[in-house]
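# Working through the structure, step by step
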Amino acid sequence: MSDVTLPPLGESVREATISRWMKAVGDTVTRDEPLLEVSTDKVDTEIPAPVSGVLWEIRFNEDDVAQVGDVLGVIGEADEPEAPATNSMGTFDRLLASLAAPPTAPTAQFDMTPYMASQSKVANPLPAWEAETDLDDAMEPTRVIFPVTVTPRPATPPVVIPVVPVPVLDQPHDTYVTPLVRKLAAELGVNLAQVHGTGVGGRIRKQDLLNIASRPLTESAALNDSPDPRRGTSQPPSPARVARAELATTSTLALAASTEVDVTAFRATPGGYIGAILQAVAASLKVNGELNASLLGDAVVFHNTENIGWVVDTNIGPLAPVIHDAGELAAKQLGSSVENLVSRAAEGSLSPADLAGGTFTVRNDGASGLAWAMPAINRPQVAAMSIGCVNHRADVLDDGTVTRRDTVFLTLAFDRRVADPGAAAAFLQRVKTTLSR
C-alpha cells in the first residue's frame, strides 16, 4: 500500500482545500495520473497518484481542509489480500460498524462435575479457597475458571450515515468551481454560468477568467460606468491583503500589469493621444476606486476626485505637478494641462499648490524611448502608470489591404495591500475599451 499525502505547495502555504477527487474508491489508477485537485488562496493544483494500483481509501472528502503532510488517501495493489471494499470504509465508519455488531457470548471453559464429586469424599471439607490445595493429590492439576453468563445484546440495525447532496452549480456543465476561481470571478465581475472551462471535464480555471478579462469588449453598454460607491470614504485595508503583503519583501510590495492600446485615432486630434489616455484613465479611476486611493497609516482613503500627477524630470529630480479634477476635463484640456505643467516645471515656476493633492500619478517614459517601464508609486498613493513610446504596427485588413496602426504600452504599478491583480486588470481593460470607443 502507498499513502497519498498533501505535498508542500509553496513557501507560505500550510493547508489546502480538497476541490474534488477525480477517482472513486475501487477505481484503478496509474502512476502520475491526476488523482485529486486541491485549492489554496494562491493556486489550484492537481495531485498525481504516487504509484499504480487501486484507490482503497479516501480520508479527506471534497471541501475538507488538509494540512501539508496529511494522508489524503491510500492506494493498494489489486491482488492484496484485503479487499478494496473493506478499505473503502473510513476510520470513523469502521468504528461505527464495530459498535453496531452484537457481541458473542463466551462459552464455559471448565466442567465442574469432577471437582464436585471429589469434594464430596472429604469428611470435613475445607472452605472453597483451601479445597483446591488439599485435593491436589487426588486431582490432576487444573486451573479452575468459572463460567460467566453473558446475555447477548439484541442486534441493532446498522448505522446509516446520511449523505448530504452536493448543491448543483448554476452552470450549464455542472463542474466544480474552486474558491479561488469564485473569488477572482467576483473581483472581475464575470458570470461563471457564461464561462466555458478548459480544464479537466470542462472545469473553469483561473486562466479562463483572465482571458475573458483581457478580451476587448465589443459593446460599450457592457461597461458599468457607475462610480465606485467607496468614493469619499475611509476604511481599513483588507486583512488578507495585508497578510499577503507582510509575507512579501519590500521589492515585491508593488506589482505591475501591462496592456497595449491602439492610439491611431488620436494622433491628429486636439490633445493628442496623451490627452485621450489621461481622459480614459480618469474615467476608469472613478469606477475602480482601489487605484484612486491613499494608504494613510491603518486606513485606506478612497478619493472622491481624480487628481492626476504628471511626472516631470527637473534639475532637482523628478516632480509630479497635479492636474486637479482631471475627471471633469476633456482630452484637449488634459493635453493642454500637461503642456502647461511641463513648461512651468522647466521655468521653475511651479508652486507648492501645484504639487499637492495628487491621487494617482502618470509618467511618460515613451519620451525617453522606452517601450514600457514599471513606474514608482508616489506615496501615500497606491498606484501609478507609465506610458510607453509609440509603436508602428502593420495591420492586414480582410481585403488584403495593409494599414498602419499606432500603439503604446500602458504599465500599471499597484500596492498589493490595497488592490489585487484582478482590480488592476479591470482598470487597464476599462482604459483600453474607452480608447477603442
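Residues numbered from 1 in each chain as written. Predicted model: local features only at pLDDT ≥ 70, side-chain atom pairs only at ≥ 80, totals over all residues. Heavy atoms only, no water.

Bringing the confidence of the model for the chain into the picture now. Summary statistics for the chain give a mean pLDDT of 76 and a share of 69% for residues scoring 70 or more. Within the model, pLDDT remains below 50 along residues 125-146, and this stretch shows 18 contacts once partners closer than five positions in the same chain are excluded. (pLDDT = per-residue confidence, 0-100. Contact = heavy atoms within 4.5 Å.)

Before going further, it helps to examine the sheet that holds strand β2 (residues 15-21). The strands making up a sheet associate through hydrogen bonds between their backbones, and the pairing can be parallel or antiparallel. Strand order across the open sheet formed by 4 strands is β5-β4-β2-β7, with antiparallel pairing between neighbours. The sheet is open, and its two edges are formed by β5 (44-48) and β7 (65-67), each paired on a single side. The average angle at which neighbouring strand axes cross in this sheet is 40°, direction not considered. Of the pairings in the sheet, the one linking β2 to strand β4 (residues 34-39) comprises 4 bridges and is antiparallel in character. Across the sheet, the residue bridging to Thr-17 is Ser-39, located in β4. (Pairing = 2+ DSSP bridges. Helix = DSSP H or I, 4+ residues; strand = E, 2+ residues; numbered from the N terminus. Axes fitted to C-alpha atoms, helices over the stretch in contact; angles between N-to-C directions.)

Here Glu-57 is to be found in strand β6 (residues 53-58). By relative accessible area, Glu-57 is classed as buried at 5%. At 3.3 Å, the side chain of Glu-57 and the side chain of Arg-59 are in polar contact. (Buried < 20%, exposed > 50% of the residue type's maximum accessible area, 1.4 Å probe, protein only. Polar contact = N/O pair within 3.5 Å; in protein donor to acceptor, adjacent residues only side chain to side chain.)

Relative to the assigned elements, Met-1 resides in the segment before β1 (2-5). Take Met-1: its relative accessible area is 62%, and that puts it in the exposed class.

Before going further, it helps to spend a moment on unusual backbone geometry. Omega for the peptide link from Arg-379 to Pro-380 comes to 10°, which places this bond in the cis form. Following the sequence through the fold, Pro-380 ends up in the loop between β17 (360-364) and β18 (383-387). A positive phi angle is found at Asp-63, which is not glycine, with a value near 75°. Tracing the backbone shows Asp-63 in the loop between β6 and β7. Positive phi values are uncommon outside glycine, yet Asp-325 reaches one of about 55°. Considering the arrangement of structural elements, one finds Asp-325 in the loop between β16 (322-323) and α9 (331-347).

Grouped together as the largest cluster of nonpolar side chains are 39 residues, with contacts concentrated most on Ile-277, Met-385, Leu-412 and Phe-427. Among the elements of the structure, α8 (272-287), β13 (308-310), α9, β17, β18, β20 (402-415) and α10 (421-435) are those that each provide at least two residues to this core. Dropping the residues within four chain positions of it, Phe-427 is found in contact with Val-281, Ser-284, Leu-285, Asn-288, Leu-291, Phe-360, Met-385 and Leu-412. Grouped together as the second largest cluster of nonpolar side chains are 19 residues, Val-13, Val-38, Ile-47 and Ala-66 included. (Core = buried A, V, L, I, M, F, W, Y, C linked by side-chain atoms within 4.5 Å.)

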